[in-house]
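Residue strings, one per chain:
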Amino acid sequence: MAESKAKSPKSSKTSKTAGKTTRKSSKSKVQKFEYQAELKQLLHLIIHSLYTHPEIFLRELISNASDATNKVRFRMLTDKEVVSPDAKLNIEITADKDKGTLSITDHGIGMTREDLINRIGTVASSGTMEFIKQLKDSEQKIDGDMIGQFGVGFYSVFMVTDQVTIETRHADKDSEGLRWVSDGQGTFTIETIDKVERGTTITFELNEKSREFCEDHRIEHIINKYSNFVDFPILLNGKEINRVGALWHRQKSEINDEELNEFYKFVSNDYQNPLGHLHLSIEGAVNFKALIFIPDTAPGPFARLEDEKSLQLYVKKIFIQDDCKELLPDYLRFLKGVVDTEDLPLNVSREVTQNSPVMAKIKNIIVGKILSYLETLEKNEPEKFEKFFSNFGPYFKMGINTDFSNRDRLIKLLRFESTFTEAGKQTSLEKYVSRMGEDDKEIFYISGENRATLERNPNLEYFKKKEIEVLLLTDPADIFIVPSLNEFEGKAIKSIDKADIEVSDEERSEEALADNLSTSLIEIFKETLGDRVEDVIESKRLVDSAVTLVVGANGLDPQMERMMKMMQKDYQSAKKILEINTTHPLIKNLSRLNLGDSKDQLLRQCILQLFEGAQLMDADLASPTDFLSRMTEIMVKATEG
Ligand code: ADP
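Thresholds applied
- Residues numbered from 1 in each chain as written.
- Predicted model: local features only at pLDDT ≥ 70, side-chain atom pairs only at ≥ 80, totals over all residues.
- Heavy atoms only, no water.
- Buried < 20%, exposed > 50% of the residue type's maximum accessible area, 1.4 Å probe, protein only.
- Helix = DSSP H or I, 4+ residues; strand = E, 2+ residues; numbered from the N terminus.
- Pairing = 2+ DSSP bridges.
- Polar contact = N/O pair within 3.5 Å; in protein donor to acceptor, adjacent residues only side chain to side chain.
- Contact = heavy atoms within 4.5 Å.
- 1 Å grid on protein atoms, 1.4 Å probe; cavity = no way out; pocket = protein on both sides within 12 Å on 5 of 7 lines; lining within 4 Å.
- Points joined across faces, edges and corners; volume = space filled by probe spheres on them.
- Nonpolar A, V, L, I, M, F, W, Y, C, P; charged D, E, K, R; others polar.
- Core = buried A, V, L, I, M, F, W, Y, C linked by side-chain atoms within 4.5 Å.
- Domains from an automatic or database assignment.
- Axes fitted to C-alpha atoms, helices over the stretch in contact; angles between N-to-C directions.
- Patch = residues over 30% accessible without salt bridge, like charges linked within 9 Å, V, L, I, M, F, W, Y side chains within 5 Å.
- Areas by Shrake-Rupley, 256 points an atom, 1.4 Å probe, with all protein chains shown as cover.
- Salt bridge = Lys/Arg side-chain N within 4 Å of Asp/Glu carboxyl O.
- Phe/Tyr/Trp six-rings, centres within 6.5 Å; stacked < 30°, edge-to-face > 60°.
- Expected span 1.5 Å × (residues − 1).
- Parallel < 35°, antiparallel > 145°, perpendicular 65-115°, else oblique.
- Left-handed = near helix turned anticlockwise from the far one by under 90°.
- pLDDT = per-residue confidence, 0-100.

Chemist: Before we go on, may I ask you to explain the pairing of strand 13 (residues 311–315) in this structure?
Modeler: Look at any regular strand and the pattern is simple: side chains alternate between the two faces of the sheet. Of all five residues making up strand 13, five are buried, and the element is well covered by its neighbours. What you see with strand 13 is no split at all: Leu311, Leu313 and Val315 on one side and Gln312 and Tyr314 on the other are buried throughout. Inspection of the sheet shows strand 13 paired to strand 15 (residues 336–341) by five bridges, in the parallel sense. Residue pairing in the sheet places Leu311 in a bridge with Gly337 of strand 15. Examined bridge by bridge, strand 13 and strand 14 (residues 318–321) share three bridges and lie antiparallel to one another. Paired with Leu313 across the two strands is Gln321, which belongs to strand 14. Linking two consecutive strands that pair antiparallel, namely strand 13 and strand 14, is a turn of two residues; a positive phi of about 45 degrees is found at Lys316 within it.

In structure tokens:
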């Protein structure tokens, strides 16, 4: 389960705190180490707060034993020199009711000294740190069931004991036997021991309140509940416990929902049931079986998709790789499950999986099946689909720009809020088009941070008045997608922030300024603003506001510009076009000032103020101080007796 941790940069951190030698004889040297600060906090939390589901400690230890056994089984396909090549690939649990002790033994890959320091002694994922911080702040009790998600499952054992001993030997032929001991308080020790067999034994005495966990029936019950899918025999005091094994090899009709849910939790580390699943059994150009799940909830707020483990690869029921990146495109990496194929050799290496045409074919089929599944979900269970989209939309949408062969299908599955949906509800492009009038040629959108801000944007006024639907794009990902769509079902997709919009050419309102007055005023605007604007024009779209800024035909969407600015400090935004509303009383007043004296100071100040106010609206105002001092001057004039 923890291949990714090898990449974690934690080793330097630990080594700083590590290495106090307490005894110096060469063979049985006991080295004392201190836990990384974050881990101490986490341990404190586990010991003092986590109390629901303490039984998950057994799931975590069995799962680690199973991962380690999977790894050695894979290793043995190519390495004939592993330590104890004939060791049984099983997991042995010994429970002593009288002494209250428990031990879990595997004959897996084992651990090196480095593994003990860097994988057991450190918290690897940044998500975990955030999680700890949040928990510390909230002071609430949390569910022990959650901790496996954070890649620190091993420590759940400290919910049931005060001291743990790990005895381990790595499968490498020149490995050493090691003993690791810790009370989970702040330090651990490591010493060398004589250990002939490879693998790991974890031993501890249950604390008073956890004695139930050395009862056979209790252990058996926990294994049936959580570890049914482990692919190796599990023995309790020498007796084998029945397990389900490779679920994906069974007929669909032979698997019930409960088994599916448990299997999902087993492969995903999630503690909730999945939203849906696909069970594939493909025969033909490639042959594989797969059980793929869509989680019910979005990855946590601190999770990064690249850290999530997606699909596991098996070859002929033998585990080959965790988180096999070649089986899914990035935009579907939130899926969980297993794929098992007969078409690859057992000793397949990472390089081979990366370039294998078999993998490419499997991936294509999986993507196609997932999209069909989502299309059916959308049709038959729209609410579930909505939930899927609000959880995974930000990832899923990215497929539009990367998976060109499925682009049209993906576009149909997109969802957006619009001025015609309630807040929080979304529409598809298809539904938008079905609401369009016969002569309407364009699908409109506007983008911004959130719905409330967008709804106040002056550029929406015309569309509101005319009851024309506008998509409200609030997910930053939308900006990378929607403009590039260009059109949908023959309807052009356009930003309403762009000046080239064709709003219906009605007669000019009677209330508007006469043509000549308007032209003259526009001249003064242009003169005052100079090269700060691309152009000044009379607006056809404004209803209530006096002015608005729109993007010229070649400009970027304002939301896109904002992002460019965030990424590049010295990014120069393109000049915009200022539209003025000639029916607005303020504009009419300005026209009057202009008639009196085109050099009027107040007129110039108001023009600058209107322009900078519009910039402020676009979060693009360079100097708020100038804006404010000019406002004060204008108010002084307005209030003069
Ligand atoms: P996770 O299993 O989610 O990575 P854990 O805290 O349970 O997190 O385990 C940390 C790491 O310690 C594992 O990833 C693995 O490298 C190592 N480990 C734990 N138990 C064993 C074991 N029985 N055999 C070999 N390595 C183990």
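Chemist: Would you mind showing me how to read the side chain of Thr105 here?
Modeler: The residue Thr105 is located in strand 4 (residues 101–106) in this model. A residue is classified by how much of its surface remains accessible, and Thr105, at 14% relative accessible area, is buried. Among the polar contacts made by the side chain of Thr105, one reaches the side chain of Thr201 at a distance of 3.0 Å. Residues in contact with Thr105, not counting those within four places in the same chain, are Asn90, Ile91, Glu92, Thr200 and Thr201.

Chemist: What's the story with empty space enclosed by the protein in this structure? I'm lost.
Modeler: The rolling of a water-molecule-sized probe over the atoms marks out the regions of remaining empty space. Under the criterion given, the structure shown has four cavities of 30 Å³ or more. By volume, the largest cavity is sized at about 50 Å³. Together, Pro558, Glu561, Arg562, Lys565, Lys576, Asp618, Ala619 and Asp620 line the largest cavity. When residues of the lining of the largest cavity are assigned to their parent elements, the largest contribution, four residues, is made by helix 18 (residues 558–567). Here the lining of the largest cavity is built from residues that sort into two nonpolar, no polar and six charged.

Chemist: Is there a simple way to explain the nonpolar core in this structure?
Modeler: In terms of nonpolar packing, the biggest core is built from 66 residues, with Phe288, Leu332, Ile366, Leu374, Phe388, Phe396 and Ile443 touching the most fellow members. Counting residues domain by domain, this core receives three or more from each of domain 2 (248–387) and domain 3 (414–495). In contact with Ile443, other than residues within four places in its own chain, are Leu429, Tyr432, Val433, Met436, Leu471, Phe488, Lys491, Ala492, Ile493 and Lys494. Residues Leu43, Leu102, Phe158 and Trp180 belong to the second largest nonpolar core, which totals 49 residues.

Chemist: What exactly am I supposed to notice about the sheet that holds strand 22 (residues 547–551) here?
Modeler: The strands that make up a sheet are held in pairs by hydrogen bonds between backbone atoms, and each pair lies either parallel or antiparallel. The three strands are arranged 21-23-22 in an open sheet whose pairing can be described as mixed. Taken across any chain shown, the strands that pair with only one partner, and hence form the sheet edges, are strand 21 (533–538) and strand 22. Along the sheet, successive strands turn relative to each other by an average axial angle of 25 degrees, direction set aside. Taken together, the five bridges between strand 21 and strand 23 (residues 576–580) define a ladder with parallel strand orientation. Among the inter-strand pairings, Val536 is bridged to a residue of strand 23, identified as Leu578.

Chemist: Where do I start with a nonpolar patch on the surface in this structure?
Modeler: Judged by side-chain polarity, Leu628, Met631 and Met635 come together as a nonpolar surface patch covering roughly 260 Å² of accessible area. Residue position: Met631 is located in helix 21 (residues 624–639).

Chemist: In this structure, what is going on with the side chain of Asn391? I would like to understand it.
Modeler: Looking at the secondary structure, you find Asn391 in helix 10 (residues 382–396). Those residues in contact with Asn391, other than ones at most four positions away along the chain, are Asp296, Thr297 and Ala298.

Chemist: What exactly am I supposed to notice about the packing of aromatic side chains here?
Modeler: The relative placement of two aromatic rings is captured by the distance of their centres and the angle of their planes. Applying the stated criterion across every chain yields a total of 25 aromatic pairs. Plain terms: the ring middles of Phe263 and Phe293 are 6.1 Å apart, the flat faces sit at 45 degrees to each other, and that makes the pair tilted. Here the residue Phe263 occupies a position in helix 7 (residues 257–268), and Phe293 occupies one in strand 12 (residues 288–294), the gap between them amounting to 30 residues. Across this residue pair, the class does not change: Phe263 and Phe293 are buried. By way of ring pairs, the aromatic residues Tyr331, Phe334, Phe385, Phe388, Phe389, Phe392, Tyr395 and Phe396 are connected into one cluster.

Chemist: What am I meant to see in helix 3 (residues 56–76) here?
Modeler: Each α-helix turn comprises 3.6 residues. Residues three or four places apart therefore point the same way. In a regular helix each residue adds 1.5 Å, so 21 residues correspond to 30 Å; helix 3 covers 30 Å between its end C-alpha atoms and thus fits that length. Of all 21 residues that make up helix 3, 17 are buried, and the element is covered over most of its length.

Chemist: Please clarify how the packing of helix 20 (residues 601–617) against helix 21 should be interpreted in this entry.
Modeler: For any two helices packed against each other, the geometry is given by the interaxial angle and the distance between the axes. At a closest axis distance of 10 Å, the pairing of helix 20 and helix 21 adopts a crossing angle of 135 degrees. Classified by the angle between their axes, helix 20 and helix 21 sit oblique to one another. Considering the relative orientation of helix 20 and helix 21, their crossing is left-handed. Every residue of helix 21 that contacts helix 20 at Gln601, Leu602, Gln605, Cys606, Leu608, Gln609, Glu612, Gly613 and Leu616 is listed here: Phe627, Arg630, Met631, Glu633, Ile634 and Lys637. Of the residues in the contact of helix 20 with helix 21, the class split is seven nonpolar, four polar and four charged.

Chemist: Is there a simple way to think about the sheet that holds strand 12 in this case?
Modeler: The five strands lie next to each other as 11-12-15-13-14, forming an open sheet whose pairing is mixed. A single partner strand is all that each edge strand has here, and the edge strands are strand 11 (276–282) and strand 14. Strand after strand, the sheet turns through a mean of 20 degrees between neighbouring axes, direction not considered. As judged from the seven bridges shared by strand 11 and strand 12, these two strands associate in the antiparallel manner. Counterpart to His277 in the pairing with strand 12 is Phe293. Relative to strand 11, helix 9 (residues 357–380) is tilted by about 135 degrees, and along the sheet it contacts strand 11, strand 12, strand 13 and strand 15.

Chemist: Would you mind going over the confidence of the model for the protein with me for this structure?
Modeler: The predicted structure's coordinates, where accompanied by low pLDDT, should not be read in detail. Residues of the protein with pLDDT of at least 70 account for 88%, and the chain-wide mean is 87. Throughout residues 1–26 the model reports pLDDT below 50, and contacts reaching past four residues in sequence, or to other chains, amount to 46 contacts.

Chemist: Could you clarify how one ought to interpret the environment of Glu212 in this entry?
Modeler: Within the element layout of this structure, Glu212 appears in the loop between strand 8 (199–206) and helix 6 (216–226). Separated by 157 residues in the primary sequence, Glu212 and Glu55 have C-alpha atoms spaced 9.7 Å apart.

Chemist: Quick question: what am I supposed to make of the packing of helix 19 (residues 585–596) against helix 20 here?
Modeler: Two numbers describe how helix 19 lies on helix 20: the axes approach to 9 Å, and their chain directions differ by 150 degrees. Between helix 19 and helix 20, the crossing angle belongs to the class labelled roughly antiparallel. Every pair of crossing elements has a handedness; the one defined by helix 19 and helix 20 is left-handed. Across the interface between the two elements, Leu586, Ile587, Leu590, Leu593 and Asn594 from helix 19 touch Leu602, Leu603, Cys606 and Leu610 from helix 20.

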